[in-house]
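# Reading the structure
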Amino acid sequence: MEKVTRMGVSLDPELLKEFDAYIGTHRYTNRSEAIRDLIRDALATEEWAKGTGTVVGTITVVYDHDAHQVVDKLTKIQHRHHHSVHSTTHVHLDEHMCLEVIVVQGRPKDVLALADSVKATKGVKHAQLARTAGK
Ligand code: NI
């Protein structure tokens, strides 16, 4: 493991009080852990916003497989965007409802275009893109 660098952070008491409340709500065991997570979140958001480089994430989709040829449509969309699709997991929730998790990896604008197409597909009940960072 790389050597960890310690750094000091100056905060006014009111902000620190709010931050400690946040740490409690989110069940962090210490401030460093919470700060690390917030920094990683900010860097991941930046990576997606920059529009360059490679990003990773998942698109979770819920649909009724009998509705509006949604299976065909989603398959076509994923083939059209095959450069951004890493893999897909399918779960049959019940007789009709399906949950699919599409693991995405690629240029931010391509991945966002894929997510938009999935969300706009008739028959999709819910679709959500989770943006994360690969490092
Ligand atoms: Ni299914």
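My aim in this report is to walk through the structure given alongside it, one point at a time. (Residues numbered from 1 in each chain as written. Predicted model: local features only at pLDDT ≥ 70, side-chain atom pairs only at ≥ 80, totals over all residues. Heavy atoms only, no water.)

Moving on: the coordination of the nickel ion. For the nickel ion, the full set of protein donor atoms is His90 (NE2), His92 (ND1) and Cys98 (SG), at a range of 2.0 to 2.4 Å. Look at where the donors of the nickel ion fall in the sequence and you get H-x1-H-x5-C. Classification of histidine 90 as partly exposed rests on a relative accessible area of 34%. (Donors = N, O, S within 2.8 Å, 3.2 Å for Na, K, Ca; no water. Buried < 20%, exposed > 50% of the residue type's maximum accessible area, 1.4 Å probe, protein only.)

Attention now goes to the packing of aromatic side chains. Within the structure shown, the criterion is met by two aromatic pairs. Ring centres 6.2 Å apart and planes at 10° place the aromatic pair phenylalanine 19 and tyrosine 22 in the stacked group. Residue phenylalanine 19 and its partner tyrosine 22 are both found in helix α1 (residues 13-25); the two are separated by three residues, about one turn of the helix. Take phenylalanine 19: its relative accessible area is 14%, and that puts it in the buried class. According to the relative accessible area criterion, tyrosine 22 is partly exposed, its value standing at 29%. Residues tyrosine 22 and tyrosine 28 carry aromatic rings whose centres are separated by 6.4 Å and whose planes lie at 25° to one another, so their mutual orientation is stacked. For tyrosine 28, a relative accessible area of 18% puts it in the buried group. Aromatic ring contacts, followed pair by pair, group Phe19, Tyr22 and Tyr28 into a single cluster. (Phe/Tyr/Trp six-rings, centres within 6.5 Å; stacked < 30°, edge-to-face > 60°. Helix = DSSP H or I, 4+ residues; strand = E, 2+ residues; numbered from the N terminus.)

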